[in-house]
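What follows is each chain in one-letter form.
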Amino acid sequence: MDSIPVLTIDGPSGAGKGTVAQLLAHRLGYHLLDSGAVYRAAGLHSLNAGADLTDEQSVMASLQSMKAQFKPNPDGVQVLLNGVDVSLDLRTESTASAASKVAAMPHVRASLLDEQRCFRVAPGLVADGRDMGTKVFPDAHLKVFLSASPRVRAGRRAKQLKDKGIHVTLESLIQEIAARDERDSSREHSPLVAAHDALVIDSSDMAASEVVEQILTALQVEAG
Ligand code: C5P
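Cut-offs and rules
Residues numbered from 1 in each chain as written. Predicted model: local features only at pLDDT ≥ 70, side-chain atom pairs only at ≥ 80, totals over all residues. Heavy atoms only, no water. Pairing = 2+ DSSP bridges. Helix = DSSP H or I, 4+ residues; strand = E, 2+ residues; numbered from the N terminus. Contact = heavy atoms within 4.5 Å. Axes fitted to C-alpha atoms, helices over the stretch in contact; angles between N-to-C directions. Core = buried A, V, L, I, M, F, W, Y, C linked by side-chain atoms within 4.5 Å. Buried < 20%, exposed > 50% of the residue type's maximum accessible area, 1.4 Å probe, protein only. Arc of directions from axis to C-beta. Polar contact = N/O pair within 3.5 Å; in protein donor to acceptor, adjacent residues only side chain to side chain. 1 Å grid on protein atoms, 1.4 Å probe; cavity = no way out; pocket = protein on both sides within 12 Å on 5 of 7 lines; lining within 4 Å. Points joined across faces, edges and corners; volume = space filled by probe spheres on them. Nonpolar A, V, L, I, M, F, W, Y, C, P; charged D, E, K, R; others polar. Expected span 1.5 Å × (residues − 1). Parallel < 35°, antiparallel > 145°, perpendicular 65-115°, else oblique. Left-handed = near helix turned anticlockwise from the far one by under 90°.

## A few points about the pairing of strand 3 (residues 68–73)
Logical step 1: Two elements, strand 3 and strand 4 (residues 76–81), share 6 bridges in a ladder whose sense is antiparallel. Bridging across to strand 4, Lys 71 finds its partner in Gln 78.
Logical step 2: Hairpin connection, strand 3 to strand 4: the antiparallel pair is bridged by 2 residues.

And the structure:
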């Protein structure tokens, strides 16, 4: 087991993983992996390269020319794709949809594994995504599965997008999130499921700070 501690937070979109992961990384002084940004970068790059997102070979060929850099900043992460800052483009629902299409492809997932594991650097890592506890860091010290009702999640996502100047209707967002959840949960490779040893938290009626406190308490219990 790698001795560098990892705390994983998995769950569907809009469950609050990003906010909670950022707060935890700050509190613990750990590094942060927003693995969704890694898949979004792959989806956006494939789209820009004109790849056929229904064809794994076409997507894999386009990824040969992808050079992605992830630089943490106070808002989360700044992402450069082949030297161009795409941080804003990365947040649109069309990029999210492209991400979830390429994320269903096993060779794409395999090609991004090392990239994600490289984030495990002392003094520790908080990793958020869909398969952080089940696949990328199965030896994580604490695994959390964070969920919330679909309406709450769509509302949170709408607010996040609005804050970034991207306007969407709640109804269209609910539909897009439902389609993405369905694709993420039903895919054959690394589907969105809680690890058997995960602490499951429903954040529908909780503030991010309350979720953070619950996880910190669990971490202390875990550390004995
Ligand atoms: O978390 P975020 O909404 O940024 O993720 C975008 C998409 O990337 C997800 O809908 C999912 O399909 C994919 N993803 C994944 N595995 C991860 C993180 C994200 O498949 N660990």
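## Observations concerning the sheet that holds strand 3
Strands in a sheet are paired, the pairing made by backbone hydrogen bonds, and the direction either parallel or antiparallel.
Logical step 1: The antiparallel open sheet is built from 3 strands, whose spatial order is 3-4-5. Each end of this open sheet is capped by a strand with a single partner; those strands are strand 3 and strand 5 (84–85).
Logical step 2: Packing of helix 2 (residues 35–48) onto the sheet brings it into contact with strand 3 and strand 4, and relative to strand 4 it is tilted by some 30°.

## Here's the deal with the nonpolar core
Note on soluble globular proteins: their nonpolar side chains tend to be buried together.
Logical step 1: Counting 33 residues, the largest nonpolar core has Val 59 and Phe 137 as its most contacted members.
Logical step 2: For this core, the secondary-structure elements that each account for two or more residues are helix 2, helix 3 (56–63), strand 3, strand 4, helix 4 (93–102), helix 5 (106–117), strand 6 (125–129) and helix 6 (132–136).
Logical step 3: If one sorts the elements of this core by residue count, helix 2 sits on top with 6 residues.
Logical step 4: Apart from the residues within four sequence positions on either side, Phe 137 is in contact with Val 6, Thr 8, Leu 33, Gln 116, Arg 117, Arg 120, Leu 125, Ala 127, Met 132 and Lys 143.
Logical step 5: By size, the runner-up hydrophobic cluster in this structure holds 17 residues, among which are Ala 25, Val 126, Ile 201 and Ala 218.

## A short note on helix 3
Logical step 1: Among the residues making up helix 3, those that are buried are Ser 58, Val 59, Ser 62 and Leu 63. Projected down its long axis, helix 3 carries its buried residues within an arc of 135°, all on one side. Helix 3 presents Gln 57 and Ala 61 as exposed residues on the side facing more than 90 degrees away from its buried surface.
Logical step 2: Its buried side turned inward, helix 3 meets helix 2, helix 4 and helix 5.
Logical step 3: Its side-chain oxygen at 3.2 Å from the backbone nitrogen of Gln 57, Asp 55 defines the N-terminal cap of helix 3.

## Some details on the layout of surface pockets
Logical step 1: Of the voids in this model, the second largest pocket is the one considered here, and its volume is about 170 Å³.
Logical step 2: Of all elements in the fold, only helix 1 (17–28), strand 2 (31–34) and strand 3 reach the threshold of two or more residues within the lining of the second largest pocket.
Logical step 3: Along the lines of polarity and charge, the residues of the lining of the second largest pocket split into 7 nonpolar, 4 polar and no charged.

## Here's the deal with the environment of Ser 172
Logical step 1: Note on placement: Ser 172 falls in helix 8 (residues 170–186).
Logical step 2: Residue class for Ser 172 comes out partly exposed when judged on its relative accessible area of 26%.
Logical step 3: Counting along the chain gives 16 residues from Ser 172 to Arg 156, while the straight-line C-alpha distance between them is 14 Å.
Logical step 4: Only 2.9 Å separates the side chain of Ser 172 from the backbone oxygen of Thr 169, close enough to count as a polar contact.

## Examining helix 1
Logical step 1: In this model, helix 1 (12 residues) spans 16 Å end to end at C-alpha, consistent with the 16 Å of a helix rising 1.5 Å per residue.
Logical step 2: When helix 1 is considered as a whole, its buried residues turn out to be Lys 17, Val 20, Ala 21, Leu 24 and Ala 25. Each buried residue of helix 1 lies within a common arc of 130° when the element is viewed along its axis, so the set occupies one face. Exposed residues on helix 1 whose side chains face more than 90 degrees from its buried face are His 26 and Arg 27.
Logical step 3: In this structure, the buried residues of helix 1 make contact with strand 1 (6–10), strand 2, strand 6, strand 7 (142–147) and helix 9 (208–223).
Logical step 4: In the stretch just after helix 1, Gly 29 is the one whose phi turns positive, near 70°.

## Some thoughts on the packing of helix 4 against helix 8
Logical step 1: Packing of helix 4 against helix 8 leaves a shortest axis separation of 10 Å and a crossing angle of 15°. Between helix 4 and helix 8, the angle is such that the two are roughly parallel. Both helix 4 and helix 8 take part in a crossing whose hand is left-handed. Counted together, Glu 93, Ala 96, Ser 97, Ser 100 and Lys 101 of helix 4 and Leu 173, Glu 176, Arg 180, Arg 183 and Asp 184 of helix 8 form the full contact between these two elements.
Logical step 2: Considering only residue class, the contact of helix 4 with helix 8 consists of 2 nonpolar, 2 polar and 6 charged.

Geometric descriptors of this kind do not, in isolation, establish any biological role.
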